[in-house]
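Survey of secondary and tertiary structure
Here is what each chain is made of, one letter per residue.
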Amino acid sequence: MKYLLVILLLTTKISFSQQATNCENIFIITTDGFRWQELFNGADSAILFNTQYVKDTATLQYLYWAPTTEERRKKLMPFTWNFIALKGQMWGNRNYDNCVSVANFYRMSYAGYNEFLTGYPDIRIAFNQPKNNQHSNILTYLNTLSAYKNSVALFASWKLFSYIANGTKNKIPLNCGYTPEQDDFLTATEQLTNSIQENSMYKKLPTRADLITFNLATEYAIKKHPRVMYIGFGQTDEFAHHGEYDKYLNQANLFDKFLAELWSMIQSDDFYKNKTTIFITTDHGRGDKKNNWMRHGTFTPGSDETWMMQLGPNIQPLGEVKYKVQLKNKTFAQTIAHYLGENFTAEHPISKPANELLAATKILGQ
Ligand SMILES: [Zn+2]
């Protein structure tokens, strides 16, 4: 009995030390359907100089073109390549066979968000329809734990997030589509953003402007300090579907600014500073050719190809990871849970965490 106790204590200690990291809070960020090709190679010359996709090629060339890959990608996403590539990690550069992919068959948004939030690429979840997802996810799960209760929030541009992530009984605060922010106290920025959103003359599409989502999300973070926050951007996908490569690139550039501003906010706030990790990915890839980059889906090659980036106190500064590997988006939910020292459980099967990502994180005290 005494020996059993010793073994129990030892194993408890080992498993705790394996999980303990200084990641106390997490921001999960996505930008819909943004290709690894632009993230790692910068603007694609086969598309950038095609007037079918870029109206003013001269200005776009000035903004995003350079002869080398290294210069080009820095012009498109300066914070990513000057900061995350030094202090964080970037996975998914297929030029090095460093691959990240979705496991679901459909390569569509609902299926993609379901896969990485629930850890379960359910074959029955196929199309982008306003139907409640019956599966709980990493966000709703964390919200059931006392440490995170009422400290989880989701802000997204695409209106279907209320069905994808909040379809079960256990709900989290969520703001998506054209929902105004509602609270007893609204900051000046929240009031202004609400008013722009409500009075906009633009046709209300399924995805609102990412800037609205960003403003409302960051104001909420500063005011309420959620420990777990999801921010889902959507306009990279919208502009790509319209075949507007100029706007797609501008949106990627704006997304990079969002990351910079968010990281600066995190590191300026005592609640978050040096205790908060950002985990960044996308829901699917897109066509890998100059004539199919606008689309994605089961029959468009390249649509399963994604990427991920991470930055935070538990993340080793490996930069752009260049070894051969295959990561799957379905492992992200449990990986994120492990970063927080938790184990995600649900009524459905959950993919194991990505061992490569766990091995690339720092254990507390080491
Ligand atoms: Zn799409």
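Read on for a plain summary of the structure. (Residues numbered from 1 in each chain as written. Predicted model: local features only at pLDDT ≥ 70, side-chain atom pairs only at ≥ 80, totals over all residues.)

**Observations regarding the pairing of strand 6 (residues 228–233)**
For a regular strand, the rule is simple: side chains alternate between the two faces of the sheet. Most of strand 6 is tucked away: 6 of the 6 residues are buried. Alternating positions in strand 6 separate into two faces, Val228, Tyr230 and Gly232 on one and Met229, Ile231 and Phe233 on the other, with burial throughout. Judged from the 6 bridges that link them, strand 1 (residues 25–31) and strand 6 form a sheet pairing that is parallel. When the sheet's bridge partners are listed, isoleucine 26 is paired in strand 6 with valine 228. Across 5 bridges, the pairing between strand 4 (residues 152–156) and strand 6 is parallel. Residue leucine 154 lies in a different strand from strand 6, and its bridge partner there is tyrosine 230. (Buried ≥ 20, exposed ≤ 12 C-beta atoms within 10 Å, placed from the backbone. Helix = DSSP H or I, 4+ residues; strand = E, 2+ residues; numbered from the N terminus. Pairing = 2+ DSSP bridges.)

**Describing unusual backbone geometry**
A positive phi angle, close to 55°, is found at arginine 107, a residue other than glycine. Of note, arginine 107 is situated in the loop between strand 3 (98–101) and helix 7 (109–118). At histidine 225, a residue that is not glycine, the phi angle is positive and equals roughly 50°. By the element assignment, histidine 225 lies in the loop between helix 11 (210–224) and strand 6.

**Looking at helix 6 (residues 78–87)**
If you check which residues of helix 6 are buried, you get Phe79, Thr80, Trp81, Ile84 and Ala85. Residues of helix 6 that are buried make contact with helix 5 (69–76), strand 2 (89–91), helix 13 (245–268), strand 9 (308–311) and strand 10 (319–320). (Contact = placed C-beta atoms within 7 Å.)

**Side note on the sheet that holds strand 3**
Ordered in space as 8-3-11, the 3 strands form an open sheet in which the pairing is mixed. Strand pairing shows two members of the sheet lacking a second neighbour, strand 8 (305–306) and strand 11 (325–328), which therefore form its edges. Note that strand 3 and strand 11 share 4 bridges and pair parallel. When the bridges of strand 11 are listed, valine 100 appears paired with leucine 327.

**Quick word on the sheet that holds strand 2**
On the basis of which strands lie adjacent, the open sheet formed by 8 strands has the order 5-4-6-1-7-9-2-10 and mixed pairing. Both outer strands of the open sheet, strand 5 (174–176) and strand 10, are each paired with one neighbouring strand and no more. Lying over the sheet, helix 6 contacts strand 2, strand 9 and strand 10, oriented at roughly 70° with respect to strand 9. (Axes fitted to C-alpha atoms, helices over the stretch in contact; angles between N-to-C directions.)

**Concerning the environment of leucine 174**
Tracing the backbone through its elements, the reader meets leucine 174 in strand 5. Leaving out residues up to four positions away in the same chain, leucine 174 has contacts with Leu154, Phe161, Ser162, Ala165 and Asn166.

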